[in-house]
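Geometric and topological summary
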Amino acid sequence: MINVLLFAQLKDELGKEALSIEGNGMSVAQLKGKMKIEFQLEGLETVMTAVNEEFADDETILSDGDTVAFIPPVSGG
Amino acid sequence: MNERYSRQTLFSPIGEGGQVKIQQKHVLLLGAGALGSANAEALTRAGVGKLTIVDRDYVETSNLQRQQLYTEQDVEEKLPKAEAAKRHLHAINHEVEVKAVIMDATAQTLEPLLGHVDLIMDATDNFETRMIINDLSQKLQIPWIYGACVGSVGMTMTILPGQTPCLHCLLKTIPIQGMTCDTGGIISPAVTMVVAHQIAEALKILVEDWESVRPSLVTFDLWRNQYQTVRLTKVKKKDCLSCGDQRTYPFLTLENATKTAVLCGRDTVQVRPPKPLKLQLEKLAKDLNGSGYSVKVNPFLLSCEKNGERMVVFQDGRALVHGTKNMVHAKAMYQSILG
Ligand SMILES: [Zn+2]
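Residues numbered from 1 in each chain as written. Chains lettered and ligands numbered in written order. Predicted model: local features only at pLDDT ≥ 70, side-chain atom pairs only at ≥ 80, totals over all residues. Heavy atoms only, no water.

1. Notes on the coordination of the zinc ion
Residue and element names in this part refer to chain B. Which entries qualify depends on this criterion: For Na, K and Ca the donor cut-off is 3.2 Å; for every other metal, N, O and S atoms count as donors within 2.8 Å. Water does not enter the count, which can leave sites looking incomplete. Irregular is the default label, applied whenever a site is not tetrahedral (four donors, all angles between 85 and 135 degrees) and neither square planar nor octahedral (four or six donors, opposite donors over 155 degrees apart, all other angles between 65 and 115). Numbering goes from the N terminus for both helices and strands, where a helix is a DSSP run of H or I of at least four residues and a strand is a run of E of at least two. Here the term buried applies to any residue with accessible area under 20% of the maximum for its type, exposed to any over 50%, and partly exposed to those in between, with areas from a 1.4 Å probe on protein chains only.
Around the zinc ion, the donor atoms from the protein are Cys166 (SG), Cys169 (SG), Cys240 (SG) and Cys243 (SG), and they sit 2.2 to 2.3 Å away. Around the zinc ion sit four donor atoms; with metal-centred angles ranging over 97 to 121°, the donor geometry is tetrahedral. Sequence spacing among the residues donating to the zinc ion works out to C-x2-C-x70-C-x2-C. With cysteine 169 in helix H8 (residues 167-170) and cysteine 243 in the loop between strand S8 (226-231) and strand S9 (259-262), this residue pair connects regions lying 74 residues apart in the sequence. Residue cysteine 169 shares its accessibility class with cysteine 243, and that shared class is buried.

2. What to know about the pattern of salt bridges
Residues and elements named next belong to chain B. The following threshold applies: In what follows, salt bridge is the name for a side-chain nitrogen of Lys or Arg lying within 4 Å of a carboxyl oxygen of Asp or Glu.
Inspection of the entire model under this criterion finds 20 salt bridges over all chains. We note a salt bridge from aspartate 57 to lysine 81, for which the minimum N-O separation is 3.7 Å. Taken together, the residues aspartate 57 in the loop between strand S2 (50-55) and helix H4 (72-76) and lysine 81 in helix H5 (residues 81-92) connect sequence positions 24 residues apart. Through salt bridges with shared partners, one network takes in Arg56, Asp104, Asp125 and Lys331.

3. Comments concerning the nonpolar core
To be explicit about the condition: To define a nonpolar core, start from buried Ala, Val, Leu, Ile, Met, Phe, Trp, Tyr and Cys residues and group those joined through side-chain atoms within 4.5 Å. Contact between two residues is taken to exist if any of their heavy atoms lie within 4.5 Å; hydrogens are not considered.
Counting residues in each nonpolar core, the largest one holds 48 residues, and the members touching the most others are Leu28(B), Leu110(B), Tyr146(B) and Leu170(B). For this core, the secondary-structure elements that each account for two or more residues are strand S3 (48-51) and strand S5 (67-71) of chain A together with strand S1 (26-30), helix H6 (107-110), helix H7 (127-140), strand S5 (144-150), strand S6 (153-159) and H8 of chain B. For this core, the element with the highest residue contribution is H7(B), accounting for five residues. With residues near it in sequence (within four places) discarded, Leu28(B) still touches Thr52(B), Val54(B), Leu110(B), Leu113(B), Leu114(B), Val117(B), Leu119(B), Ile120(B) and Met121(B). Counting residues in hydrophobic clusters, the runner-up holds 45 residues, among them Ala40(B), Ala46(B), Leu79(B) and Val191(B).

4. Observations regarding the interface of chain A and chain B
Rules: Accessible surface is computed with a 1.4 Å probe, and the buried area is the amount of it that two parts give up when combined, taken over both parts together. Residue polarity is assigned by list, with Asp, Glu, Lys and Arg as charged and Ala, Val, Leu, Ile, Met, Phe, Trp, Tyr, Cys and Pro as nonpolar; anything else, Gly included, falls into the polar class.
Taken together, the contact between chain A and chain B spans 26 residues of the former and 39 residues of the latter. For the pairing of chain A and chain B, the buried interface totals around 2,600 Å² over both sides, and the portion due to carbon and sulfur atoms is 57%. Considering only the side of chain A, the residues that lose the most area to chain B are Phe55(A), Val74(A) and Gly77(A), jointly responsible for 27% of the buried surface there. At the boundary of chain A and chain B, one finds two salt bridges. Residue Asp12(A) pairs with Arg224(B) through a salt bridge whose shortest N-O separation is 2.5 Å. For the side of chain A that touches chain B, the elements supplying multiple residues, two or more each, are strand S1 (2-6), helix H1 (9-14), S3, strand S4 (54-56) and S5 of chain A. Grouping the amino acids of the side of chain A that touches chain B by side-chain chemistry returns 12 nonpolar, six polar and eight charged.

As structure tokens, then:
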């Protein structure tokens, strides 16, 4: 299982900040696609992703036990 | 020992030697809004040698809740933010040479200001300008510190050319339709928290304590009680167009800039993004409704109005700002809504 953490407005969209999801061997992009279908999460295309607190791109492959954080980029100031 | 800076020099990583360095440095601060005014005050109190402040906007009532340098008097006088900031900063520390530049920051207008700049502080409100800063930083080898906030959320990262990844390594494309302070609101502690991180980084860079510079991106949410640092050791890209081997500095070219034009015979400015977008107009309407705009939306366009100004946004990102011939003002309004 992959542990998923949701930051900022994504936490509100889902109603919780953490969940576990099947995803061993998937890429980050595939996990995003799965989250989008299962939870109707919008805007995942442009979020930053951290895998085990390390910045990761869409091609990164996930393994059981990984913690994936989705972090929306912030632009205001 | 200079009494004014005594507590700062007692802090051993700075010391007397560090203070001398701080007073020899020139910082360019881009943006004089919430992040800008807090950054400007901290740098001025710390005794930076020279501070150049660039901003295109003037002080309004809705700024006072969080933009800590400004007063009701500034609103009354409709002072440009850079100029108002300069006046207040002079009263705080007259030893700092503050230069106010009232202009719209583009690749072409910014580069001439960066001749003898040691550090660029980001206090802008949009990614387009940040990507310009990012390219100029790489081209001219000047460190910069990304900082941003919206709602109760903030984010910051330090970019050292030749060492760390750059912002373009992290964001392959400019994120569209992010939350802005005009759509998602903003509370002052989110500002303060970002600035605390930015200024700590700035002091490290100004005293040249490179080893202590934070190697990670920080993000937090003060309302939802989240704080995360993200390491950046794997993200620097050899083929990055901004910092890689075959770099072209794509954001310094005109084709990647938002364009504005006054429409002939009408009190209207057209704003056009560099590439056509696919906006979710319904979502944008919802965000704007919650923040004081009166909004009308149909599948093709969104019309929003506030304080007598009206903007029509089409699904491809093109917009018409009615009631003005001022292109800088129109672009500011557009970016305050679309980020
Ligand atoms: Zn890069």
